[in-house]
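Listed below, chain by chain, are the residues.
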Amino acid sequence: MLVVSGLGQRFGDLVALEDFALEVPSGAWVALLGPNGSGKSTALALIAGLLPITAGRVTFDGLVHGASPTDVRVRAAIGVVFQSPSLDPKLSVAENLGLCALIRGLSSTEGAARIAELTAALGVADRMASLVAELSGGLRRRVDLARALLARPSILLLDEPSAGLDESAFRRLWEFLVQSRARDGLTVLVATHRPEEAELCDRIVVIDGGKKVAEDTPDALKRRVSGDLVILESDRLDEVQSILAQTLGLSGRRSADQLVLESEAGHRLVPRLAEALPAGLLRAISVRRPSLADVFVKLTGSSLAA
Ligand code: ADP
Ligand code: MG
């Protein structure tokens, strides 16, 4: 189990991560969800040992990260797939994976068997002779994942694994992870700004401005926005807002050219809105269930896409 506490990181005056805590029990999948610049990659780099820990503690199965001589064991237990693939573009897929097996101390038979197994499962077995430089982004990500899993790490750290992947590559990647979980009980910590990716995990740690703002299951997080969301679109939102405040005592949240109202029963609110507002003032009105992106806005006041 991975336990992180009081983790902090400064870059000059900038506080990238502050008093950050996290636990990933063995076999669990945890997502770190936050917008660009919120400190996700910094947190993963500290946990992976790619940045020296200057504040806080990272322990893995009770071994303290950064404290030799146990550090080598901690590092061996962690597999990482970061945003820029750690593959040599001038070498073939087979050469990259072979080299990694060697570095990780796998015997040649063990290495060959593991490479064959992973490349088959990831659908890249027919590309062994290709140079990594010639592969598409999706294929490269899969080869990088094979590399990270070669030595059977206890936990896999994934930084924005679906960045640059199209929908089918995204699905393939997660299908593979789900299979690995069923077969090997893979433990995963994934950093992402995509709610639909975070939702595939058991727990979500929401991060903004280097600080944890919430931690819960995807469902429990979604329940933090009550009922339905009623979305009003208009060219005169100020007017809409003041009429609704005066007549119905409602206040909503503005986002771009929309006014978003939380309502226990959206379908009952809609006719009341239509009655209160002069004809022609609204361009559109719609009702939907809250998503994780809405939860993020409610928790932080800003948008995940920002
Ligand atoms: P995320 O992965 O959530 O997008 P990062 O952890 O990459 O966020 O960055 C958090 C903050 O730290 C950002 O403001 C970023 O600009 C800054 N930062 C990250 N790495 C460095 C670095 N090596 N030097 C200076 N600032 C950095
Ligand atoms: Mg990042």
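Residues numbered from 1 in each chain as written. Chains lettered and ligands numbered in written order. Predicted model: local features only at pLDDT ≥ 70, side-chain atom pairs only at ≥ 80, totals over all residues. Heavy atoms only, no water.

S.K.: Explain the environment of Asn 36 here, please?
M.R.: Positionally, Asn 36 belongs in the loop between strand S3 (29-33) and helix H1 (40-48). With 170 residues separating them in the primary sequence, Asn 36 and Val 206 have C-alpha atoms 13 Å apart. (Helix = DSSP H or I, 4+ residues; strand = E, 2+ residues; numbered from the N terminus.)

S.K.: Could you clarify how one ought to interpret helix H11 (residues 292-300) in this entry?
M.R.: Because each turn of an α-helix spans 3.6 residues, side chains separated by three or four positions in sequence point in the same direction. Residues Leu 292, Asp 294, Val 295, Phe 296 and Val 297 constitute the buried set of H11. Within two residues after H11, Gly 301 carries a phi angle of roughly 80 degrees, on the positive side. (Buried < 20%, exposed > 50% of the residue type's maximum accessible area, 1.4 Å probe, protein only.)

S.K.: Got a minute to help me understand the domain arrangement of the protein chain in this structure?
M.R.: How big an interface is tends to be stated in terms of the accessible area lost upon association of its parts. Each assigned domain of the protein chain is listed with its residue range as follows: domain 1 (2-219) and domain 2 (226-289). On a C-alpha basis, the centroid separation for the pair domain 1 and domain 2 is 42 Å. (Domains from an automatic or database assignment.)

S.K.: How do you make sense of the site of ligand 1 when you look at a structure like this?
M.R.: In the vicinity of ligand 1, the contacting residues are Phe 11, Leu 14, Ala 16, Pro 35, Asn 36, Gly 37, Ser 38, Gly 39, Lys 40, Ser 41 and Thr 42. Interatomic distance of 3.0 Å between a backbone N/O atom of Gly 39 and an oxygen atom of ligand 1. With respect to ligand 1, the side chain of Ser 41 contributes an N or O atom lying 2.8 Å from an oxygen atom. Compared with its free state, where it exposes 560 Å², ligand 1 has 57% of that area covered by protein. At three residues, H1 tops the list of elements feeding residues into the shell around ligand 1. Per-class residue counts for the shell around ligand 1 are four nonpolar, six polar and one charged. (Near = heavy atom within 4 Å. Polar contact = N/O pair within 3.5 Å; in protein donor to acceptor, adjacent residues only side chain to side chain. Areas by Shrake-Rupley, 256 points an atom, 1.4 Å probe, with all protein chains shown as cover. Nonpolar A, V, L, I, M, F, W, Y, C, P; charged D, E, K, R; others polar.)

S.K.: Sorry if this is basic, but what is going on with the pairing of strand S1 (residues 2-11) here?
M.R.: In regular strands, side chains alternate between the two faces of the sheet. In this structure, S1 lies alongside strand S4 (residues 55-60), joined through five bridges in antiparallel fashion. By the bridge assignment, Val 3 is partnered in S4 with Thr 59. As paired strands, S1 and strand S2 (residues 14-24) are joined by seven bridges and run antiparallel to one another. Across the sheet, Leu 2 pairs through a bridge with Val 24, a residue of S2. Counted between consecutive antiparallel strands, the loop separating S1 from S2 contains two residues, among which Gly 12 sits at a positive phi close to 60 degrees. (Pairing = 2+ DSSP bridges.)

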